[in-house]
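Observations on chain architecture
Single-letter residue listing:
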Amino acid sequence: SIITVFFTSSIFAQFQKIVAEGTVTFSINVTGSENSSLNNATKTFYVKGKLTRVDITSSAFKQSVIYDNNTGKAVILREIGDNKYITQLDADKWKEKNKQYEGMSVQLTDETKTILGYDCKKAIATLKNGKVFTMFYAPAIMPSASENPYQFKNIPGFVLEYEAQAEGTAQKIVYSATNISFNPVPAALFDIPVKGYRVL
């Protein structure tokens, strides 16, 4: 009946909160490498409506990815020393850049761990090349936009810890949330710079 449907959907809405604005800071650790430029780096994830931004900051470089979930377009900003570069990717090019995730299967498990006070569940992602990665997500919260809908497809919650592959190596990178805030995020963070960057 209509009453039953409304009742169950309202329970689910109370169970999962959609986070339309927020900031999550992650520590980054690379397994099997003492010399990786990502060791001791930090990742900061911002979400505002359908826009996301990810900053990776290390002693060697800084990279930002601004992604629009409405259009599927991404902009990558890189700073290495005094050099600044910008790469703009339309939806097709962003999909191509993430082709390793095509055909990925995700298994949701009952294994749990607590991260920043949230009960998180473990998901196991298997790429079509056979590589396996784990993620822990908080079912109680969900970002209003995904930082990468290919990498985090079918994950029913806010990912607070996950593994990724270092490009061109066998090393795994582990991202672990160390702080989460639901304060408003400045709109200026999603502005695309028009000068000072070399186009790649």
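That block above? That's the structure.
An account of the accompanying structure is given in this report. Keep in mind the model is a prediction, meaning the values are calculated, not measured. (Residues numbered from 1 in each chain as written. Predicted model: local features only at pLDDT ≥ 70, side-chain atom pairs only at ≥ 80, totals over all residues. Heavy atoms only, no water.)

Once that is clear, we can look at the pairing of strand E2 (residues 21–30). Across seven bridges, E2 lies against strand E3 (residues 42–48) in antiparallel orientation. By the bridge assignment, valine 24 is partnered in E3 with phenylalanine 45. Where E2 and strand E13 (residues 172–181) come together, eight bridges link them in antiparallel fashion. Its bridge partner lying in E13, threonine 23 is registered against serine 181. (Pairing = 2+ DSSP bridges. Helix = DSSP H or I, 4+ residues; strand = E, 2+ residues; numbered from the N terminus.)

What follows is about the side chain of glutamine 16. Along the chain, the position of glutamine 16 falls in the loop between helix H1 (2–15) and strand E1 (17–19). A relative accessible area of 13% places glutamine 16 in the buried class. In terms of polar contacts, glutamine 16 uses its side chain to reach the backbone carbonyl oxygen of proline 139, at 3.1 Å. At 3.2 Å, the side chain of glutamine 16 forms a polar contact with the backbone oxygen of proline 156. Other than its neighbours up to four places away in sequence, glutamine 16 contacts Pro139, Ala140, Ile141, Met142, Pro156 and Gly157. (Buried < 20%, exposed > 50% of the residue type's maximum accessible area, 1.4 Å probe, protein only. Polar contact = N/O pair within 3.5 Å; in protein donor to acceptor, adjacent residues only side chain to side chain. Contact = heavy atoms within 4.5 Å.)

As summarised here, the arrangement of the twelve strands in space is E8-E9-E10-E12-E13-E2-E3-E4-E5-E6-E7-E14, forming an open sheet in which the pairing is mixed. Here the strands that pair on one side only, and so sit at the sheet edges, are strand E8 (105–115) and strand E14 (198–199). In this structure, strand E10 (residues 132–138) lies alongside strand E12 (residues 158–165), joined through four bridges in antiparallel fashion. Across the sheet, residue methionine 135 finds its bridge partner in E12, namely tyrosine 162.

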